[in-house]
Amino acid sequence: MSIHFADKALGGFQRSLELRAKRVELLSQNIANADTPNFKARDLDFKAAMASAQTQFVKTTHAGHIASAPAGSGNGVILTTPLNPSADGNTVEIGVEQAKFGQAAADYQATLRFLESRVSGIRKALKGE
């Protein structure tokens, strides 16, 4: 029962935070491997990953209804295409990756602040404030 309460109270933002953290992790790996030959830069297609996460919770009541994607299909991780390919096969463009990382970190912080305010509101409601 507590899981359903959390899903309703937080409105999927906990999954959003998990996906944003995964994107920050992928981008930091790209930056760390900027000089590794044949390393392929990866990113997270946030929209696709959120859509996949949302379809995991959809349940049909009849076999003729629209089927949802199977759980775990499509994690949203994609290989990025470099604007200027390097001779050693590495697809990391450090300036692009740093810009993406900065935006992803800001998105993560914004989602975290929103969740914190949501939890604070729930806490206040439970205390009767």
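This text follows the structure it describes.
Residues numbered from 1 in each chain as written. Predicted model: local features only at pLDDT ≥ 70, side-chain atom pairs only at ≥ 80, totals over all residues. Heavy atoms only, no water.

Draft legend 1. Up close: the nonpolar core. Counting five residues, the largest nonpolar core is built from Leu 19, Leu 26, Leu 44, Ala 49 and Met 50. Going through the elements one at a time, α2 (13–32) and α3 (46–55) are the ones with two or more residues in this core. Ala 49 has contacts with Leu 19, Leu 44, Asn 75 and Gly 76, leaving out every residue within four places of it along the chain. (Core = buried A, V, L, I, M, F, W, Y, C linked by side-chain atoms within 4.5 Å. Buried < 20%, exposed > 50% of the residue type's maximum accessible area, 1.4 Å probe, protein only. Helix = DSSP H or I, 4+ residues; strand = E, 2+ residues; numbered from the N terminus. Contact = heavy atoms within 4.5 Å.)

Draft legend 2. Structural context of the packing of aromatic side chains. All chains considered together, the criterion is met by one aromatic pair. Taking the centre distance of 4.4 Å and the plane angle of 45° together, the rings of Phe 13 and Phe 114 count as tilted. Taken together, the positions of Phe 13 in helix α2 and Phe 114 in helix α4 (residues 94–127) put the pair 101 residues apart, joining distant regions of the chain. By relative accessible area, Phe 13 is classed as partly exposed at 30%. A relative accessible area of 35% places Phe 114 in the partly exposed class. Positioned above the aromatic ring of Phe 46 is the side chain of Arg 20, whose terminal nitrogen or guanidinium carbon lies 4.2 Å from the ring centre. (Phe/Tyr/Trp six-rings, centres within 6.5 Å; stacked < 30°, edge-to-face > 60°. Lys NZ or Arg CZ within 6 Å of the ring centre and 35° of its normal.)

Draft legend 3. Molecular detail of α4. Counted at 1.5 Å a residue, the expected span for α4 with its 34 residues is 50 Å, and the 49 Å between its end C-alpha atoms agrees. One or two residues past the end of α4 sits Gly 128, with phi positive at roughly 85°. (Expected span 1.5 Å × (residues − 1).)

Draft legend 4. Region of interest: unusual backbone geometry. Residues other than glycine seldom take positive phi values, yet Asn 38 does so here, at roughly 65°. Looking at where Asn 38 falls in the secondary structure, it is placed in the loop between α2 and β1 (42–44).

Draft legend 5. Region of interest: the side chain of Ser 16. By the secondary structure assignment, Ser 16 is in helix α2. A residue is classified by how much of its surface remains accessible, and Ser 16, at 6% relative accessible area, is buried. Those residues within four positions of Ser 16 in sequence are excluded, and the remaining contacts are Phe 46, Met 50 and Thr 111.

Draft legend 6. Focus on the environment of Asn 90. On the secondary structure map, Asn 90 appears in the loop between β2 (77–79) and α4. What makes Asn 90 buried here is its relative accessible area of 4%. Along the chain, Asn 90 and Ala 41 lie 49 residues apart, while their C-alpha atoms are 7.6 Å from each other. Sequence-distant contacts of Asn 90, defined by excluding residues within four places in its chain, comprise Asn 33, Ala 34, Asp 35, Thr 36, Asn 38 and Phe 39. There is a polar contact of 2.6 Å between the side chain of Asn 90 and the backbone nitrogen of Val 92. (Polar contact = N/O pair within 3.5 Å; in protein donor to acceptor, adjacent residues only side chain to side chain.)

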